[in-house]
Amino acid sequence: MIEFDDVSKTYHIRKFEKQVFSHLSFTINPGDSLGICGANGAGKSTLMRLIAGVESPTSGRVTRTMTTSWPIGYSSCFQASLTGADNARFIARIYGQDADVLCDYVEDFAQLGPYFHQPVYSYSAGMNARLAFGVSLAINFDCYLVDEVTAAGDERFRIRCEEALMHRKQNGALVMISHDANTLLQYCDRGAVLYGGSLTFYDTIAEATEVHHRLQSRAA
Ligand SMILES: Nc1ncnc2c1ncn2[C@@H]1O[C@H](COP(=O)(O)OP(=O)(O)OP(=O)(O)O)[C@@H](O)[C@H]1O
């Protein structure tokens, strides 16, 4: 379970203050697959970082009894001067996994060819995302956090991601951000819309994407 209790987040940037969201209370349970919709800058990635625990709330409390992946997406979570393989080994050690087994899985999954043994700074954004996806799928998290990453890679990679995520979803939880309604409809059951600093939940992802679409049309 991941529980948000009256969580608010504000960034202070020089003399400027940005309240991203306020007083969010909700729970993500095992078996949930939640799609989060919202316009650019609404706070989706910030929310994901708080769910993952890589950032803290300004006020309120986030309680986790499930292990969560880091937000898998285009933003890099790797040490750029190390190779993909060395990053995978490093992460294996942090999570107490067999480094050789994890490395083999990632090499096969991410299909980076010789780049797997090159420094991460030489990777494209898509290659970075493939590595991130491979490493996180190699570790058995209770909850996977996916930030737009399913768009990374070619058709074959997308099918691999889909199969792996659908399999993990059966045994755990999934929280996904995407600007593509079809992706959310494919992966998620429940939906939420982040708008004006508030998060509204819907029983189905179809309702959430529809509300988001209406809000977007109104703003245009
Ligand atoms: N580390 C930070 N410091 C200051 N402001 C930040 C930081 N991270 C995000 N913000 C601000 O918080 C707001 C929400 O950003 P966030 O990236 O969470 O939005 P998003 O919904 O994921 O956007 P997009 O769909 O464009 O990726 C934006 O106004 C952004 O400028």
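Heads up: the structure comes first, above all this text.
My aim in this report is to walk through the structure given alongside it, one point at a time. The model shown is predicted, which means the values in this text are computed figures rather than measured ones.

Our next topic: the site of the ligand. Looking at the ligand, there are 14 residues lining it, with Asn40, Gly41, Lys44, Thr46 and His179 nearest. Between an oxygen atom of the ligand and a side-chain N or O atom of Lys44, the distance comes to 2.7 Å. Contact distances for the ligand include 2.9 Å between an oxygen atom and a backbone N or O atom of Ser45. Here the ligand has 640 Å² of accessible area as a free molecule, and 63% of this is covered by the chains. Of all the secondary-structure elements, those providing two or more residues to the shell around the ligand are strand 1 (2-13), strand 2 (16-28) and helix 1 (44-52).

Turning our eyes to something else, we now look at the sheet that holds strand 8 (residues 190-195). The strand order across the open sheet built from 6 strands is 5-6-7-3-8-9, with neighbouring strands paired in mixed fashion. The strands lining the two open edges of the sheet, one partner per strand, are strand 5 (72-73) and strand 9 (198-202). Of the pairings in the sheet, the one linking strand 3 (residues 33-37) to strand 7 (residues 173-177) comprises 4 bridges and is parallel in character. Counterpart to Ser33 in the pairing with strand 7 is Leu174.

About the cut-offs
Residues numbered from 1 in each chain as written. Predicted model: local features only at pLDDT ≥ 70, side-chain atom pairs only at ≥ 80, totals over all residues. Heavy atoms only, no water. Near = heavy atom within 4 Å. Polar contact = N/O pair within 3.5 Å; in protein donor to acceptor, adjacent residues only side chain to side chain. Areas by Shrake-Rupley, 256 points an atom, 1.4 Å probe, with all protein chains shown as cover. Helix = DSSP H or I, 4+ residues; strand = E, 2+ residues; numbered from the N terminus. Pairing = 2+ DSSP bridges.

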